[in-house]
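Inside the fold
Residues per chain, in single letters:
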Amino acid sequence: MSKKTKDKLINSALNLIDEKPFYQVTTKEIAKRAGLAEVTLFRQFSSKDTILDILTNQFFKLIIGFKTQDINSEEDFRCELIKYFQRAVRSDPIHRKMFKVFLYIGMYKKKTFFKYSRIYEKEIVGPIEAVVRNGIDHWGYKKNLDVEISVKLLINSIGFFNIIQNVFKLKELDEYNFDSIIEIGVDNFLTSLR
């Protein structure tokens, strides 16, 4: 079978996850939504969880990518943080659905969640912490700063705001400008480091 068939099945599963919890989604529904027979799904994937693993991987590819190589000043740091969050927490339908996958993993697939938590620590938290530590040495950040907690507060607050606004769709009742949320969050974070 072709990559096109696999992609149809993965997209079908992602669309169904947007409608109901993943544990309620059946392989028959995934195949039917893709316009394929259920047997075709099992020719491509060993189980429904294999599709979930692929979606989780895709989610992390969307949110990983904080670049440190061009950061030489606090203003560079601020700009890269803003660019990173604008990429990671966009409010488009794909991001919204992918965040639902992440929430499902966190609630029901602890082993997988812990695996990706290590990736989160290495690829997102770690690089930001490294820049903050550099800021302690070169930009006047507090010497006694709890770097780990400060960075995680920034990431988790913007991430949680994204989940509330875009995944749970609170923006339909009370919409905020997400670029402003990111800028305020980053500026408050940088102020807290001094």
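Refer to the structure above for everything that follows.
Residues numbered from 1 in each chain as written. Predicted model: local features only at pLDDT ≥ 70, side-chain atom pairs only at ≥ 80, totals over all residues. Heavy atoms only, no water.

This paragraph deals with the overall build of the chain. The helix and strand tally for the chain stands at nine helices and zero strands. Counting from the amino terminus, helix and strand elements in the chain follow one another as α-α-α-α-α-α-α-α-α. Seen through its principal axes, the chain has C-alpha atoms that stretch 60 × 35 × 25 Å. Within the chain, buried positions represent 43% of all 194 residues. Sequence separation of at least 24 residues holds for 67% of the intrachain contacts in the chain that already meet a minimum separation of 6. When the accessible area of the chain is evaluated, it comes to approximately 10700 Å², of which 54% is carbon and sulfur surface. Computed over 32 positive and 25 negative side-chain charges, the inter-centroid distance for the chain is 9 Å. (Helix = DSSP H or I, 4+ residues; strand = E, 2+ residues; numbered from the N terminus. Buried < 20%, exposed > 50% of the residue type's maximum accessible area, 1.4 Å probe, protein only. Contact = heavy atoms within 4.5 Å. Areas by Shrake-Rupley, 256 points an atom, 1.4 Å probe, with all protein chains shown as cover. Lys, Arg positive; Asp, Glu negative; His and termini not counted. Charge placed at Lys NZ, Arg CZ, Asp CG, Glu CD.)

Enumeration over the complete set of coordinates arrives at 14 salt bridges. Among the salt bridges present, the one from Asp 18 reaches Lys 100, with a minimum N-O distance of 3.0 Å. Within this pair, whereas Asp 18 is found in the loop between α1 (3-17) and α2 (27-34), its partner Lys 100 is found in helix α6 (residues 93-108), the two being separated by 82 residues in sequence. A salt bridge links Glu 29 to Lys 20; its shortest N-O distance comes to 2.4 Å. (Salt bridge = Lys/Arg side-chain N within 4 Å of Asp/Glu carboxyl O.)

So, on to the nonpolar core. Counting 57 residues, the largest nonpolar core has Leu 55, Phe 77, Leu 81, Phe 85, Val 132 and Phe 189 as its most contacted members. Those elements that place two or more of their residues in this core are α1, α2, α4 (48-63), α5 (74-88), α6, α7 (110-138), α8 (147-167) and α9 (178-192). At eight residues, the largest contribution of residues to this core is made by α7. Other than its neighbours up to four places away in sequence, Phe 85 contacts Leu 154, Ile 155, Ile 158, Ile 182 and Val 186. (Core = buried A, V, L, I, M, F, W, Y, C linked by side-chain atoms within 4.5 Å.)

A cluster of nonpolar residues, Tyr 23, Met 107 and Tyr 108, forms a patch on the protein surface that exposes about 370 Å² of accessible area. If you trace the backbone, Tyr 23 turns up in the loop between α1 and α2. (Patch = residues over 30% accessible without salt bridge, like charges linked within 9 Å, V, L, I, M, F, W, Y side chains within 5 Å.)

The topology assignment puts Val 132 in helix α7. As a C-alpha pair, Val 132 and Gly 65 span 67 residues in sequence and 17 Å in three-dimensional space. Val 132 has contacts with Phe 77, Tyr 141, Leu 145, Val 147, Val 151, Phe 189 and Leu 193, leaving out every residue within four places of it along the chain.

Right, let's talk about the packing of aromatic side chains for a bit. Counted by the stated rule, this structure contains 18 aromatic pairs. Judged by centre distance (6.3 Å) and plane angle (70°), the rings of Phe 60 and Phe 102 are edge-to-face. Of this pair, Phe 60 sits in helix α4 while Phe 102 sits in helix α6; the two residues are 42 residues apart in sequence, bridging distant segments of the chain. Judged by its relative accessible area of 4%, Phe 60 is buried. (Phe/Tyr/Trp six-rings, centres within 6.5 Å; stacked < 30°, edge-to-face > 60°.)

Tracing the sequence through the fold places Glu 80 in helix α5. Owing to a relative accessible area of 9%, Glu 80 belongs among the buried residues under this scheme. Ignoring anything within four residues of it in the chain, the contact list for Glu 80 reads Gly 65, Phe 66, Lys 67, Ile 71 and Arg 87.

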